Structure formats: C-alpha cells, structure tokens
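What follows is the residue order along each chain.
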Amino acid sequence: MQYKYRKISLDQFAVLTESEIRPGSDISFNTDIEFGYDAENRMLANKLSVTATSEGVILLKAVISSYFEISPESIDEIKDAEGHLQFNPFILVQFASLNYGSLRGALAIKTADTPLKDIVLPPIYFQSIITSGFSI
C-alpha cells in the first residue's frame, strides 16, 4: 500500500501528578485505538489514547492522531466488488505501530522535566490486538 504520512497531532497531553513515583511502584498503561477514514481526501486516521496509572492514581493522559494519505492506486486495490474499502489487519497494525512510536517519542520529550521523566511506554504488539480489518 502506498501512502504518505501527512500529519501527527498530539491532541491531548497532561501530567496529572506532581509527586515522584515511588521506586518499585507498578505502573499500568491503558491504550485505546481508533481508526477513521476521510474519503474525500483519501485519509486514514489513527488515534491512540494512553492513560498511565499507579496505585489507583492517574499519572498521565495522552492522545495522539496520525493521518495517512492513501494513494489513488492503493484505494483501487483495496476496493471490493460493492465499492467498499477493505483495510486489512496487517496495514492497520502498521499504521497503529507508526503512531505509537510517535507517541513514545512525544511522551519522552513532554515528560523530560516532570516527575514522570523515567516512564517509557512499553512496546505493544498490535498484531495481537488488531485482528480484523476496517471496512468502509
């Protein structure tokens, strides 16, 4: 599939604690994934929301969106007989992974001078989460 990475937007970012994290504290991450499509501009959007918590306290919240312009030729290739677009799980995993990598970098920069400076988002294997395609 041919595409251009058109835009990255850090839609929301908040550090919600002023305290240092206690050494040895468990930190949990909740990640939500959304996809959307703008047919007029052939733009597939991926939005990731991450919330980090420790001991029942929300530490940070971040939302990032990435926009991928799909080439007209690729659109034709994924169009089925009824004219619906069929984004397979493999390509959705790729887009989510690219966006997650951007989020990891953004969080490293945004938390550099905060009590959360040592938090690194763990890797996510999106192929175990995204198991079905996206039909439009």
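Refer to the structure printed above.
Residues numbered from 1 in each chain as written. Predicted model: local features only at pLDDT ≥ 70, side-chain atom pairs only at ≥ 80, totals over all residues. Heavy atoms only, no water.

Peer 1: Mind showing me how you'd approach the environment of Tyr100 here?
Peer 2: Among the structural elements, Tyr100 can be located in helix 2 (residues 89-110). Distance in space between the C-alpha atoms of Tyr100 and Pro89 is 16 Å, their sequence separation being eleven residues. For Tyr100, the residues in contact, after removing those within four places along its chain, are Leu48, Val50, Leu121, Pro122, Pro123, Ile124 and Phe126. (Helix = DSSP H or I, 4+ residues; strand = E, 2+ residues; numbered from the N terminus. Contact = heavy atoms within 4.5 Å.)

Peer 1: I tried to follow a nonpolar patch on the surface on my own but got confused; where do I start?
Peer 2: On the surface, a nonpolar cluster with roughly 240 Å² of combined accessible area is contributed by Tyr5, Ile8 and Leu98. Along the polypeptide, Ile8 turns up in strand 1 (residues 3-15). (Patch = residues over 30% accessible without salt bridge, like charges linked within 9 Å, V, L, I, M, F, W, Y side chains within 5 Å. Areas by Shrake-Rupley, 256 points an atom, 1.4 Å probe, with all protein chains shown as cover. Salt bridge = Lys/Arg side-chain N within 4 Å of Asp/Glu carboxyl O.)

Peer 1: Help me understand the side chain of Ser9, please; the structure alone is not making it clear to me.
Peer 2: By the secondary structure assignment, Ser9 is in strand 1. Here Ser9 falls in the buried class, since its relative accessible area comes to 18%. Here Asp11 takes part through its side chain, which lies 2.5 Å from a polar atom of the side chain of Ser9. In contact with Ser9, other than residues within four places in its own chain, are Val63, Ile64 and Ser65. (Buried < 20%, exposed > 50% of the residue type's maximum accessible area, 1.4 Å probe, protein only. Polar contact = N/O pair within 3.5 Å; in protein donor to acceptor, adjacent residues only side chain to side chain.)

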